[in-house]
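# Tertiary structure, described
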Amino acid sequence: MVNRTGVVVSLDDAYLGRITEIARKLRAQGMKIDQTLAEIGVITGSIAGTDPRPLAGITGVKAVEPQRSVQLLPPDSPVQ
Amino acid sequence: MAAIQKATETRIADVHDFPSGMPSPPSGADGVMFPELGVAVVDVRPESTPSLFAAARESSAVHVVEAERVVYSTALRVPVESQSYPRGRRDSYLRGYRDAVNALVDGLAERPDGSSELAAPVMAPARVWDESQVTWGLQATAVTESVYSGRGVKVAVLYTGFDLRHPDFNDRRPTTESFVPGQEVQDIVGHGTHCVGTACGPRQPGVAPRYGVAYSADIFVGKVLDNSGRGTDGQILAGIAWAIRNGCQIISMSLGAGTAVGQPPSTVFENVARRAREQGCLIIAAAGNESMREAGHLAPVGHPANCPSILAVAAVNGDLDVAPFSCAGINPNGGEVDIAGPGVGVHSSWPMPTRYRDLKGTSMATPHVAGIAALLAEAKPGISATDLAALLMTTAKSLPLPARDVGAGLVQAP
């Protein structure tokens, strides 16, 4: 089974109104899409493997970054 | 001392050698040494100063050489040589001055048992707050004096959800949504409830003290971290989009991930935050808790607070000192600390049956700033998100601490 990497994609300002079209192109490049967030021009999902370059090369894509995650310390840890 | 005296051709007397009651050095001496202070005050001829500096550089015992300053009282000017000033008053002033210096030296001198004041540094007494009616944080930020309540302002808290059954919020009706697949908004972890409480808690909670800032704001709770306190960028971004879609003016995010020195901010989050501002929404986030200042370790502001368009909040304690864990603005281009909020000993709501809890963290400082942003937004209807950020910073209370640690200072309510 191929490891999938979570990614977040940010659109160019000029393409904010064309998010559906960009999503289609991302899918064509192998991205599995979780969410299309029109208000902020972001598409989230995952790719097979770890190389984001096929996505980054699409016209209208400003940035592709791996998804980070945040983990809180347990509440009885001294600092929150 | 011998090397200095030789280089400058001066004789420096030890203060303990002064004849009693004599404020100036014994005749023949060009200077006085205070052994307990490790300081010598010397009259050096101008042509000897190069030799003085050379000797000082060579001596491992000499730390610094400075020109002697003359200071004046800002409260009272005593014209020592004025003819109109009665001689008796002049003399008693001089005697008082001498006595004060003697008392200082005596106090610092080593006692017969070998102890001295120098071994026990004098610390400013810790500030004592009366928290019977209101938390210290709301007092220190002037919230208690504000006429504003956040009425008409929508504040989104994106965190671990909220205890929808908390009795202090019976008359509020938060708008809620979970962005964690398979989990409801109901707060299991607790932090979300605590931060909603700080930002928007009631003016008169069921049990004193009051702990909330914007008691009339419209509360939007987005659960972006799951019941184990974990969340992905995707969940957080979905929460942000939802808050914007609902017309929230302020987003409070008490969350983040650690960053490395030199690490640039996320382009994706910076774009998001910028677009949020363009749509009237200011994102405020915790600077992070990775520092260990007692050990001399400063950690840089975390993600996503390190984005230029996101307001990064540091934590101060009840003495208005930066908290030891608070991240510092050591990365450029957005990695600055913008402002500080109360972040130690913060009392606020907690899921029932516990009801309240004291916590510390930049997570607690952040909702103080968010709540006060709501007060400012109410005070200035139609204000843009960028102007709101600027107003928070220009009205902050300046602290005697570097901007690296506290940004513009301690947030203040209008």
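Provided above is the structure to which this section pertains.
The following paragraphs examine the structure supplied in this document. (Residues numbered from 1 in each chain as written. Chains lettered and ligands numbered in written order. Predicted model: local features only at pLDDT ≥ 70, side-chain atom pairs only at ≥ 80, totals over all residues.)

## Side note on the overall build of chain B
If you tally the helices and strands in chain B, you get ten helices and 13 strands. When burial is assessed residue by residue, chain B has 45% of its 414 residues classed as buried. Within chain B, contacts between residues at least 6 apart in sequence are counted, and of these 73% link residues at least 24 apart. (Helix = DSSP H or I, 4+ residues; strand = E, 2+ residues; numbered from the N terminus. Buried ≥ 20, exposed ≤ 12 C-beta atoms within 10 Å, placed from the backbone. Contact = placed C-beta atoms within 7 Å.)

## Focus on the overall build of chain A
Helix and strand content of chain A: two helices and five strands. Secondary structure elements of chain A, listed N to C terminal, follow the sequence β-α-β-β-α-β-β. Contacts in chain A between residues far apart in sequence, at least 24 positions, make up 63% of those at least 6 positions apart.

## A look at the packing of helix α5 (residues 191-200) of chain B against helix α8 (residues 362-379) of chain B
Residue and element names in this part refer to chain B. In the contact formed by α5 and α8, the axes pass within 7 Å of each other and the chain directions differ by 35°. Handedness of the α5/α8 crossing: right-handed. Together, His191, Cys195, Thr198, Ala199 and Cys200 of α5 and Ser363, Met364, Pro367, His368, Ala370 and Gly371 of α8 make up the contact between the two elements. Looking at side-chain class alone, the contact of α5 with α8 contains six nonpolar, five polar and no charged residues. (Axes fitted to C-alpha atoms, helices over the stretch in contact; angles between N-to-C directions. Left-handed = near helix turned anticlockwise from the far one by under 90°. Nonpolar A, V, L, I, M, F, W, Y, C, P; charged D, E, K, R; others polar.)

## Topic: the environment of proline 174 of chain B
Looking at the element boundaries, proline 174 of chain B is found in the loop between β4 (154-159) and β5 (175-178). Taking the C-alpha atoms as reference, proline 174 of chain B lies 75 Å from serine 51 of chain B; in sequence the two are 123 residues apart.

## Notes on the environment of tyrosine 97 of chain B
All names here are of chain B. You can see tyrosine 97 is positioned in helix α3 (residues 87-108). Overall, the presence of 12 C-beta atoms within 10 Å leaves tyrosine 97 in the exposed class. Expressed as a C-alpha distance, the spacing of tyrosine 97 and asparagine 331, which sit 234 residues apart in the sequence, is 48 Å.

## Structural notes on the interface of chain A and chain B
At the interface, 24 residues of chain A touch 35 residues of chain B. Among the residues making up the side of chain A that touches chain B, the classes are represented as ten nonpolar, nine polar and five charged. Taken together, the three bridges between strand β5 (residues 69-71) of chain A and strand β7 (residues 230-232) of chain B define a ladder with antiparallel strand orientation. What sits directly across from serine 69 of chain A, in β7 of chain B, is threonine 232 of chain B. (Pairing = 2+ DSSP bridges.)

## Describing the pairing of strand β8 (residues 250-253) of chain B
Residues and elements named next belong to chain B. Because side chains alternate across β8, one face comprises the buried residues Ile250 and Ser252, and the other comprises Ile251 and Met253, equally buried. Here β4 runs beside β8; their pairing, made up of three bridges, is parallel. Counted as the bridge partner of valine 155 is isoleucine 250 from β8. Pairing of β8 with strand β9 (residues 282-286), which is carried by four bridges, proceeds in the parallel orientation. Bridge pairing links isoleucine 250 to leucine 282 in β9. Between the parallel elements β8 and β9, the chain passes through helix α7 (residues 267-278) in a crossover that is right-handed. (Right-handed = clockwise from strand over helix to strand, strands pointing away.)

Read these as geometric descriptors, not functional statements.
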